[in-house]
Amino acid sequence: DGTLGPLEAVQRETLAGALEDCGRLRQLIDELTDPVLAGDHTRLATIPIDLATAVAAAIATAIASAGARLITLLADAASVELTTDPARLTRAIARGLDHAITCAARGSMVTIANQDRALTITWKPDASAPATTMASWLCARLVEALGGSCRSAADRLVLDFSQPN
């Protein structure tokens, strides 16, 4: 009947990782097909949101991938109100964190902090890390769709929402 019995611990861990990767791939596809990235800003649902709340939500989505690379996430985001699309703001920050985790040296720290409406994600770069990733590209497109700008360097991303929405 195809039943092999209960999974061993290693099999459960492997299956959990595969399911998590499938979920991330599904989310990536959704983000790539987001009409807002194609310029349809009529789909933005703008409401007031606290930047620190969006950072906390983004960190929650990045904890597992950071843990897999033994990377510590440290947030120091002050409370600043933005009027924007909360779901897309959180996804933009999460993609920025994904990029940082991919590019950071194994066992290092990724920090995320803001100065007013500019959010900076920093990391110690891994020498073999790519300069850009799909996550950094998506982060930049989402930030731009929300009326902000995104600047990158080998060890940081700056998501700037200084322009009034």
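Note that this is a predicted model, so its numbers are computed, not measured.

### As for the confidence of the model for the protein chain
In this model, the protein chain carries an average pLDDT of 86, and 84% of its residues clear a pLDDT of 70 or more. Across the protein chain, strand β5 (residues 118–123) holds the top mean pLDDT of 97, while helix α1 (residues 9–32) sits lowest at 71.

### Comments concerning the packing of helix α2 (residues 51–68) against helix α3 (residues 86–103)
Between two packed helices, both the angle of their axes relative to each other and the distance between the axes serve to describe the pair. Interaxial distance between α2 and α3 falls to 8 Å at its minimum, and their mutual angle equals 40°. Comparing their axes, α3 and α2 come out oblique. Relative to α3, α2 is oriented so that their crossing is right-handed. Facing Leu51, Ala54, Val55, Ala57, Ala58, Ile59, Thr61, Ala62, Ser65 and Ala66 of α2, the residues of α3 in contact are Leu89, Thr90, Ile93, Ala94, Leu97, Asp98 and Ile101.

### Focus: the packing of α3 against helix α4 (residues 134–145)
Packing of α3 against α4 brings their axes to within 8 Å, and their N-to-C directions diverge by 150°. Considering the angle they form, α3 stands roughly antiparallel to α4. Seen along the crossing, α3 lies across α4 with a hand that is left-handed. Residues Arg88, Arg91, Ala92, Arg95, Gly96, Asp98 and His99 of α3 form the contact with α4, whose participating residues are Ala135, Ser136, Leu138, Cys139, Leu142 and Val143. A breakdown of the residues in the contact of α3 with α4 according to their chemical character gives 6 nonpolar, 3 polar and 4 charged.

### Some remarks on the environment of glycine 147
By the secondary structure assignment, glycine 147 is in the loop between α4 and β6 (149–153). Looking at glycine 147, the relative accessible area reads 44%, which means it is partly exposed. Placed 15 residues apart in sequence, glycine 147 and serine 162 show a C-alpha to C-alpha distance of 9.0 Å.

### A look at α3
The terminal C-alpha atoms of α3, which comprises 18 residues, lie 26 Å apart, in line with the 26 Å expected from a rise of 1.5 Å per residue. When you tally the buried positions in α3, you get 15 out of 18 residues, the bulk of the element. The N-capping residue of α3, defined by a side-chain oxygen 3.2 Å from the backbone nitrogen of alanine 87, is aspartate 85.

### As for the sheet that holds β5
The strand order across the open sheet built from 5 strands is β2-β4-β5-β7-β6, with neighbouring strands paired in mixed fashion. At either end of the open sheet lies a strand with only one pairing partner, and these are β2 (72–76) and β6. Here the average twist between neighbouring strands, direction ignored, is 15°. Packed on one face of the sheet, α2 meets β2, β4 (109–115) and β5 and runs near 175° to β2. Against the sheet, α4 contacts β6 and β7 (156–160), and its axis sits at roughly 155° relative to β6.

Quick notes on the rules
Residues numbered from 1 in each chain as written. Predicted model: local features only at pLDDT ≥ 70, side-chain atom pairs only at ≥ 80, totals over all residues. Heavy atoms only, no water. pLDDT = per-residue confidence, 0-100. Helix = DSSP H or I, 4+ residues; strand = E, 2+ residues; numbered from the N terminus. Axes fitted to C-alpha atoms, helices over the stretch in contact; angles between N-to-C directions. Parallel < 35°, antiparallel > 145°, perpendicular 65-115°, else oblique. Left-handed = near helix turned anticlockwise from the far one by under 90°. Contact = heavy atoms within 4.5 Å. Nonpolar A, V, L, I, M, F, W, Y, C, P; charged D, E, K, R; others polar. Buried < 20%, exposed > 50% of the residue type's maximum accessible area, 1.4 Å probe, protein only. Expected span 1.5 Å × (residues − 1). Polar contact = N/O pair within 3.5 Å; in protein donor to acceptor, adjacent residues only side chain to side chain. Pairing = 2+ DSSP bridges.

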